[in-house]
Amino acid sequence: LAAASLSSAAAANGYKHARVVPGVLPADSIAKLHDHVGTLRLLGKTSRDGTNRKYGEVAVEPEDLKRILKSIDDNREVHETTNLRSTLITGDTEPHMDGGEFREDEDVVLVILNDNEGAYLQIGEDEVQVKAGTLVSFKGNMVVHNTAVPSGTEVRLLGPIASRDLTDFPFADVSSDL
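Below is a short write-up of the structure. (Residues numbered from 1 in each chain as written. Predicted model: local features only at pLDDT ≥ 70, side-chain atom pairs only at ≥ 80, totals over all residues. Heavy atoms only, no water.)

Note on strand geometry: in a regular strand, side chains alternate between the two faces of the sheet. Inspection of the sheet shows strand β5 (residues 116–123) paired to strand β6 (residues 126–130) by 5 bridges, in the antiparallel sense. Within β6, the residue paired with L121 across the bridge is V128. With antiparallel pairing between neighbouring strands as the criterion, β5 and β6 make up a hairpin whose turn holds 2 residues, including G124 at a positive phi of roughly 60 degrees. (Pairing = 2+ DSSP bridges. Helix = DSSP H or I, 4+ residues; strand = E, 2+ residues; numbered from the N terminus.)

In structure tokens:
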């Protein structure tokens, strides 16, 4: 998404910095991804940064990838299952801006995989409730953000995914003049 497109989409849904699209994935897909992300705890996966976040990968089916892409205004076809990053968060995260693998002015994309009434994503001034099936995108290198998670609960995410990583799938060639 271009910065102007994200800004107008965020404003259209009542947020200043975040684009929030509820109901991106159907319940059966959410359940499957949710359960897989939960295995990060069982497998003893540890945080790469010493925090309460655990990272892994989850296989995402082509139909679900199409839904995610469509929600960020990309209508290309996807034909193969693709592994994407997943995250299990078991406590508050520190306010931060993304660096490293996320480029300047690049969208960070998340899909929330569980409901947690007390948890929320704080993105600048925006507070996004944790609701399963909701896609959230924002400029991770430009906006301070964090996740608030009540003690004894968790947030399961597909992502964070750099928007450019959503273009690395095997797509149908739709540029042909045939």
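What follows is about the side chain of Q122. Looking at the secondary structure, you find Q122 in strand β5. Within polar-contact distance, the side chain of Q122 engages the backbone oxygen of G124 at 2.9 Å. Within the local environment of Q122, its side chain forms a polar contact with the backbone oxygen of D126, the two atoms lying 3.2 Å apart. Apart from residues no more than four positions distant in its own chain, Q122 is found in contact with E127, V144, H145 and N146. (Polar contact = N/O pair within 3.5 Å; in protein donor to acceptor, adjacent residues only side chain to side chain. Contact = heavy atoms within 4.5 Å.)

Here the focus is the sheet that holds β5. Strand order in the open sheet made by the 3 strands is β6-β5-β8, with antiparallel pairing throughout. Of all the strands in the sheet, the pair left with one neighbour each is β6 and β8 (145–148). With direction set aside, neighbouring strand axes in the sheet form an average angle of 20 degrees. (Axes fitted to C-alpha atoms, helices over the stretch in contact; angles between N-to-C directions.)

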